[in-house]
Amino acid sequence: MVPPAKPSSIVSLLVVDDNIVQRMQVVALCRELGVEMIYEAASGAEALELLSLLVLPPDVAIVDLEMPGMDGVELIELLHERQLAIPLVVVSSREVVLINTVEAMARNLGIPVVAGIRKPVQREALAAAFEGWNREQAEPGVAADRAPQVEIDSRDLAAAIESGAIDVHYQPKVDMTQGVVCGVEALARWTHPTLGEIRPDRFVELAEHEGLIHALTMTVLRQAFGVAARWNAAGMRLSMAVNLSPLLLEDPTLVRELSTLLEEHGLEARQIVLEITESSVVDCMGVALGVLARLRLKGFGLSIDDYGTGFSSMQQLARIPFSELKIDRAFVRGAHQRTNLRVILQSALDMSRQLGLVTVAEGIETLADWQLVRDFGCGVGQGFLISAAMPADRLPDWIERHAPRLFQLGTAC
Ligand code: C2E
Ligand code: MG
Ligand code: MG
């Protein structure tokens, strides 16, 4: 006996599948589960046409990935382009990792994902997906928890930037074959007068929302360039990486500002690496591409940060003149347990090498992580195994004390 369906918040639904038998089976299951209005499309094109006719989009779309002509991925991309963020159930008879990838892609595009289900679609799987979706909608707190709580007063941040209370710490980057520090990443630090230390991703996001990102970046750049100049003068020449918000790439005056700042500190652009997060460069077109191209022409290093967390990475590598690829720590940490991640990590490193990019692995926490990425041919390593970020004046002494350990890491097999 089929157990009675629970009331569902999913009232209308679209099933897109070229295989009529499988489509009908899914439609029947959805009916059993209490969905009242079910639309069907035998192809991506048909789905788009249907959606253009509907006044209200369906609550959920069940999309098959393998379809002749427009495949499911293309359909999802087109849904995104047309700003149709219909919650998706991704279905396919192909391997789970492929389904997971498409789920991640959709989420990155801002399209909610109800579930990914392997074909043939079973009633239990669909029921669980719908039930989970109902719960998530009923308890928005679950999603809200994941969102950054912005309870910091932006006036406090503005005051901190203005008064010089934003500090910069420096995390060493190590040449993995030689075991020597070759550069640092400048990371902003802020201790709020009453709330204590605030994580940079939180206040950077606040700065981006509140129009303070330019001022915040300038204070970080000034401090970082000052430190690089001081270290140069002391004979300690290290590459200096600074994170750049993609919002700044929309302003063509950035190139001039950076060049002026370099001159003021007597630095060369090739000593500076500008790190731009992968997911954030996705939309960069027009002005931003021009800014990136000019920065590269001036000789600045351009690094694609958190590589692997965004999407259409290959496309970005092809159209943006990056000089460095920085692999996200999720790949480094997960690579031991998961073959898929290991394969991705290895191929990203191979590709990067073939493109002549400097490869950096971030988030190396253990010796095992270190060995793995080094065996895969990664050039530069960064992470807590080496050191967390520290104030500028502690670094020279730290390098001296840790040189033997780093050398051992470099020569260890
Ligand atoms: P990111 O650019 O990817 O920087 C690396 C982050 O990973 C840093 O976090 C660093 O402390 C942390 N990290 C380094 N090694 C390890 C490790 O082995 N394990 C773990 N779990 N974490 C490690 P932090 O300093 O909290 O910064 C977070 C993010 O905030 C940065 O990520 C960057 O996107 C942003 N950020 C920091 N400073 C600035 C800034 O001046 N401007 C902009 N636009 N963004 C900044
Ligand atoms: Mg970074
Ligand atoms: Mg990163």
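Anyway, here's the lowdown on the structure attached to this text. (Residues numbered from 1 in each chain as written. Chains lettered and ligands numbered in written order. Predicted model: local features only at pLDDT ≥ 70, side-chain atom pairs only at ≥ 80, totals over all residues. Heavy atoms only, no water.)

### Observations concerning the overall build of the chain
Step number 1: Within the chain, the secondary structure is distributed over 16 helices and 15 strands.
Step number 2: Of all 413 residues assigned to the chain, the portion counted as buried reaches 47%.
Step number 3: Contacts in the chain between residues far apart in sequence, at least 24 positions, make up 71% of those at least 6 positions apart.
Step number 4: Per element, the accessible surface of the chain, about 20000 Å² overall, is 54% carbon and sulfur. (Helix = DSSP H or I, 4+ residues; strand = E, 2+ residues; numbered from the N terminus. Buried < 20%, exposed > 50% of the residue type's maximum accessible area, 1.4 Å probe, protein only. Contact = heavy atoms within 4.5 Å. Areas by Shrake-Rupley, 256 points an atom, 1.4 Å probe, with all protein chains shown as cover.)

### Some thoughts on the coordination of the magnesium ion (ligand 2)
Step number 1: For the magnesium ion (ligand 2), the full set of protein donor atoms is E185 (OE), N243 (OD1), E275 (OE) and D305 (OD), and the range of their distances to it is 2.0 to 2.3 Å.
Step number 2: Here the donor residues for the magnesium ion (ligand 2) map to a single chain with the spacing E-x57-N-x31-E-x29-D.
Step number 3: Here the magnesium ion (ligand 2) and the magnesium ion (ligand 3) are spaced 4.0 Å apart, with D305 acting as a shared donor. Separated by 58 residues along the polypeptide, E185 in strand 7 (residues 180-192) and N243 in strand 9 (residues 239-243) bring together distant segments of the chain. (Donors = N, O, S within 2.8 Å, 3.2 Å for Na, K, Ca; no water.)

### A look at the packing of aromatic side chains
Step number 1: The full count for this structure, using the stated rule, is two aromatic pairs.
Step number 2: On the numbers, 5.7 Å between centres and 70° between planes, the contact of Y170 with W231 is edge-to-face. With a gap of 61 residues between them, Y170 in strand 6 (residues 167-175) and W231 in helix 9 (residues 213-233) connect regions that are remote in the sequence.
Step number 3: Taking relative accessible area as the criterion, Y170 reaches 1% and is therefore assigned buried. (Phe/Tyr/Trp six-rings, centres within 6.5 Å; stacked < 30°, edge-to-face > 60°.)

### Re the coordination of the magnesium ion (ligand 3)
Step number 1: Distances from the magnesium ion (ligand 3) to its protein donors, namely D305 (OD), D306 (OD), E362 (OE) and E362 (OE), fall within the range 2.0 to 2.6 Å.
Step number 2: Taken in chain order, the donor set of the magnesium ion (ligand 3) reads D-D-x55-E.
Step number 3: Look at E362 and you get buried, because its relative accessible area is 9%.

### Thoughts on the site of ligand 1
Step number 1: Near ligand 1 you find 21 residues, and of these R189, N243, R329, E365 and F384 are the closest.
Step number 2: E185 is positioned such that a nitrogen or oxygen atom in its side chain is 2.9 Å from an oxygen atom of ligand 1.
Step number 3: Within the backbone of A188, a nitrogen or oxygen atom sits 3.1 Å from a nitrogen atom of ligand 1.
Step number 4: No other element matches strand 7, which puts four residues into the shell around ligand 1. (Near = heavy atom within 4 Å. Polar contact = N/O pair within 3.5 Å; in protein donor to acceptor, adjacent residues only side chain to side chain.)

### What to know about a nonpolar patch on the surface
Step number 1: The grouping of I20, V21 and M24 at the surface amounts to a nonpolar patch, some 310 Å² of accessible area in total.
Step number 2: On the secondary structure map, V21 appears in helix 1 (residues 20-32). (Patch = residues over 30% accessible without salt bridge, like charges linked within 9 Å, V, L, I, M, F, W, Y side chains within 5 Å. Salt bridge = Lys/Arg side-chain N within 4 Å of Asp/Glu carboxyl O.)

### Observations regarding the nonpolar core
Step number 1: With 83 residues, the main nonpolar core has L157, I166, Y170, W231, M240, L295 and L345 as its most contacted residues.
Step number 2: Considering every element that reaches this core, the biggest residue donor is helix 9, with ten residues.
Step number 3: Of all hydrophobic cores here, the second largest spans 25 residues; its members include A47, V90, I99 and V102. (Core = buried A, V, L, I, M, F, W, Y, C linked by side-chain atoms within 4.5 Å.)

### Quick look at helix 16 (residues 395-411)
Step number 1: Over its 17 residues, helix 16 runs 22 Å from end to end, which matches the ideal 24 Å to within 8%, given 1.5 Å per residue.
Step number 2: The largest bend along helix 16 reaches roughly 55° and is located at H402, with the proline P404 sitting one to four residues downstream.
Step number 3: Buried within helix 16 are the following residues: L395, W398, I399, H402, L406, L409 and G410.
Step number 4: Taken together, the buried residues of helix 16 touch strand 6, strand 7, helix 9, helix 15 (367-375) and strand 15 (390-391). (Expected span 1.5 Å × (residues − 1). Bend = angle between axes of the 7 residues up to and from the residue.)

### Examining the pairing of strand 4 (residues 88-92)
Step number 1: For strand 4, the tally of buried residues reaches five of five residues, placing the bulk of the element in the interior.
Step number 2: Every second residue of strand 4 is oriented toward a common face, with L88, V90 and S92 on one face and V89 and V91 on the other, all of them buried.
Step number 3: Since strand 3 (residues 60-64) and strand 4 lie parallel, the crossover through helix 3 (residues 72-81) that links them has a hand, and here it is right-handed.
Step number 4: Note that strand 4 and strand 5 (residues 113-118) share five bridges and pair parallel. When the sheet's bridge partners are listed, S92 is paired in strand 5 with R118.
Step number 5: Each parallel crossover has a hand, and the one from strand 4 via helix 4 (residues 96-108) to strand 5 is right-handed. (Right-handed = clockwise from strand over helix to strand, strands pointing away. Pairing = 2+ DSSP bridges.)

### Observations concerning the sheet that holds strand 5
Step number 1: Spatially, the five strands line up as an open sheet ordered 2-1-3-4-5, and their pairing is parallel. At either margin of the open sheet sits one strand with a lone partner, and together these are strand 2 (37-41) and strand 5. Going from strand to strand, the sheet's axes swing by 15° on average, the running direction of each strand aside.
Step number 2: Pairing of strand 3 with strand 4 involves four bridges; the strand directions are parallel. From the neighbouring strand, V63 faces strand 4, where its bridge partner is V90.
Step number 3: Those strands touched by helix 1 are strand 1 (12-16), strand 2 and strand 3, and its axis lies near 170° from that of strand 2. (Axes fitted to C-alpha atoms, helices over the stretch in contact; angles between N-to-C directions.)

### Focus on the pairing of strand 13 (residues 358-361)
Step number 1: The sheet contact formed by strand 12 (residues 324-327) and strand 13 spans four bridges and is parallel. For K326, the partnering residue across the bridge sits in strand 13 and is V360.
Step number 2: Handedness of the crossover joining strand 13 and strand 14 (residues 380-381) through helix 15: right-handed.

### Focus: helix 10 (residues 253-265)
Step number 1: Taking 1.5 Å of rise per residue, the 13 residues of helix 10 would be expected to cover 18 Å, and the 19 Å separating its terminal C-alpha atoms lies within 8% of that figure.
Step number 2: Inspection of helix 10 places L254, V255, L258, S259, L261 and L262 among the buried residues, and these make up the whole buried set. Buried residues of helix 10 fall within an arc of 160° about the axis and therefore sit on the same side. Of the exposed residues in helix 10, those oriented more than 90 degrees away from the buried face are R256, E263 and E264.
Step number 3: Residues of helix 10 that are buried in the fold lie against helix 9, strand 10 (272-277) and helix 11 (287-298).
Step number 4: A positive backbone phi angle near 65° is found at G266, which sits one or two residues after helix 10. (Arc of directions from axis to C-beta.)

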